[in-house]
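Secondary and tertiary structure notes
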Amino acid sequence: MADLTCQLGPLKMRNPFVLASGVLGTSNRLLERIACLDIGAVTTKSCSLNRRAGHANPTALDWGAGLINAIGLTNPGAKAEAENLAAILPRLHEEGALLFVSIFAKDVAEFGETARILAQVQPDLIEANLSCPNVADEFGMPFAAKEDTAAAATEAVKKAVGDLPVAIKLAPNVPNIGAIARAVRDAGADVICAVNSMPGMIIDARSASPVLKNKVGGISGPALKPIALKCVADVARAVDLPIIGTGGVCSGVDAAEMIMAGATAVGVGSAVYYRGVDVFQQLPAELAAFMDEEGYADLESMRGKAIL
Ligand SMILES: Cc1cc2nc3c(=O)[nH]c(=O)nc-3n(C[C@H](O)[C@H](O)[C@H](O)COP(=O)(O)O)c2cc1C
């Protein structure tokens, strides 16, 4: 049976599967439920310094080839989130899952402050979401759009969290994601998460209207997979950092593709909509079966195979 243990930088995980941010990582009971399944790590919903209500409904839709969402980063604020997570962290570890805490902010100083508050929980990793596509009206261009803004946010988070590893979550809609990856590596990033959802819009022709109240949203699920695979391959060629390859993974074979593009771990979000929560029990078994069939003894022997 193939060995699925995964070394993500300094972190050892029982398998490469990571619950992606924003999908179920919104309450302690859901985090615990998923940790009890066969998952390597769970990522929390992105959290800001202050509480946010998020966007008005409708905020999400299955449009046929993927999902679109504009939740608007609903969260309870950093202090309340830190209290919640401190209460659940021992349970997650008991179940064998790591805790990745996702943060976002409107400016560099706030990135530092939010990271400092959540680092007190001592999660296994802090993930800085520099790439939410759904709040551009409020915050302007995402930090992940340019090397200098991405590097400045990375430095602020690194400085605030002491020894905790930091992942930087990048956007797919940039002309040169490798250059952004190099900039955040040079600013101290330990891990890259690639990618966030892709900005998009769904229109209902009969009503001549966008379907989401926010008009635009982030595309995820199957439609995102080829885009994510290219982004992961570009990042893997550009930097020697572990990558959490995220976007459209719905099966064990999808996960193998992500690892063959150069990913070390594999983020999974929309698959929960398509296959239910138990997908986290099924994905490791599917990946192991594929590896056994193809003669891969461990993840390292498969990593980057498609981009050699
Ligand atoms: C409903 C929903 C909410 C999301 N919220 C967040 C979020 O708060 N922070 C973040 O970094 N990514 C967020 N994402 C993006 C996912 O973490 C992931 O990067 C993206 O959906 C691609 O993976 P998937 O195709 O497996 O869903 C969200 C995605 C969905 C579908």
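Quick look at the structure, then. Everything numeric here is computed off the predicted structure, so don't read it as measured data.

A short note on the side chain of Arg52
- You can see Arg52 is positioned in the loop between strand E4 (41–43) and strand E5 (60–62).
- Here Leu73 takes part through its backbone oxygen, which lies 3.4 Å from a polar atom of the side chain of Arg52.

Points about the packing of helix H7 (residues 225–238) against helix H8 (residues 252–260)
- Put simply, H7 and H8 touch, their axes get as near as 9 Å, and they point 30° apart. When the interaxial angle is binned, H7 and H8 end up roughly parallel. For the pair formed by H7 and H8, the contact residues are Lys225, Ala228, Leu229 and Val232 on the first element and Asp254, Glu257 and Met258 on the second.

Observations regarding the sheet that holds strand E7 (residues 98–103)
- Pairing is parallel around the closed barrel formed by eight strands, whose spatial order is E3-E4-E7-E8-E9-E10-E15-E16. The sheet shows a mean angle of 25° between the axes of neighbouring strands, taken without regard to direction.
- The pairing of strand E8 (residues 125–129) with strand E9 (residues 166–170) spans four bridges and is parallel. Bridge pairing in E9 links Ala128 to Ile168.
- Along the sheet, helix H5 (residues 147–160) contacts E7, E8 and E9; its crossing angle with E9, the most-contacted strand, is approximately 155°.

Overview of the site of the ligand
- The local shell around the ligand holds 22 residues, among which Ser21, Ser46, Lys169, Gly248 and Ser270 are the closest.
- Expressed as a share of its isolated accessible area of 610 Å², the protein-covered part of the ligand is 94%.
- Class assignment of the residues belonging to the shell around the ligand gives a composition of seven nonpolar, 13 polar and two charged.

A short note on the nonpolar core
- Judged by nonpolar contacts, the single largest core of 101 residues is most densely connected at Phe100, Leu287 and Met302.
- In this structure, Phe100 is in contact with Leu8, Leu11, Met13, Val18, Ala41, Val42, Thr43, Thr44, Asp124, Leu125 and Ile244, ignoring residues within four places of it in sequence.
- Counting five residues, the second largest nonpolar core, distinct from the first, contains Ile68, Ile202, Leu212 and Ile219.

Thoughts on the sheet that holds strand E6 (residues 67–69)
- Ordered by their spatial adjacency, four strands build an open sheet running E5-E6-E14-E11, and the pairing between neighbours is antiparallel. For this open sheet the edge positions go to E5 and strand E11 (198–200), each flanked by a neighbour on one side alone. Averaged over neighbouring strand pairs, the angle between their axes works out to 30° when direction is ignored.

Quick notes on the pattern of salt bridges
- Counted under the stated rule, the structure contains 15 salt bridges.
- The salt bridge partner of Lys225 is Glu257, with a shortest N-O separation of 2.8 Å. Here Glu257 lies in helix H8 and Lys225 lies in helix H7, a separation of 32 residues in the sequence.
- By relative accessible area, which is 18% here, Lys225 ends up buried.
- Residue Glu257 is classed as partly exposed on the basis of its relative accessible area, which comes to 26%.
- Measuring nitrogen to oxygen at the nearest pair gives 3.6 Å for the salt bridge that ties Asp234 to Arg237. One end of the pair, Asp234, and the other, Arg237, are both in helix H7, three residues apart, so they sit about a helical turn from each other.
- Several salt bridges converge on common partners, so that one network encompasses Glu32, Arg91, Glu94 and Glu95.

Some words on the environment of Leu287
- Here Leu287 lies in helix H10 (residues 279–294).
- A relative accessible area of 0% places Leu287 in the buried class.
- On a C-alpha basis, the gap between Leu287 and Ser251 in space is 7.8 Å, while along the polypeptide they are 36 residues apart.
- Residues within four places of Leu287 in sequence aside, it is in contact with Leu4, Pro16, Phe17, Gly252, Ala255, Ala256, Ile259, Leu299 and Met302.

Thresholds, definitions, all that
- Residues numbered from 1 in each chain as written.
- Predicted model: local features only at pLDDT ≥ 70, side-chain atom pairs only at ≥ 80, totals over all residues.
- Heavy atoms only, no water.
- Helix = DSSP H or I, 4+ residues; strand = E, 2+ residues; numbered from the N terminus.
- Polar contact = N/O pair within 3.5 Å; in protein donor to acceptor, adjacent residues only side chain to side chain.
- Axes fitted to C-alpha atoms, helices over the stretch in contact; angles between N-to-C directions.
- Parallel < 35°, antiparallel > 145°, perpendicular 65-115°, else oblique.
- Contact = heavy atoms within 4.5 Å.
- Pairing = 2+ DSSP bridges.
- Near = heavy atom within 4 Å.
- Areas by Shrake-Rupley, 256 points an atom, 1.4 Å probe, with all protein chains shown as cover.
- Nonpolar A, V, L, I, M, F, W, Y, C, P; charged D, E, K, R; others polar.
- Core = buried A, V, L, I, M, F, W, Y, C linked by side-chain atoms within 4.5 Å.
- Buried < 20%, exposed > 50% of the residue type's maximum accessible area, 1.4 Å probe, protein only.
- Salt bridge = Lys/Arg side-chain N within 4 Å of Asp/Glu carboxyl O.

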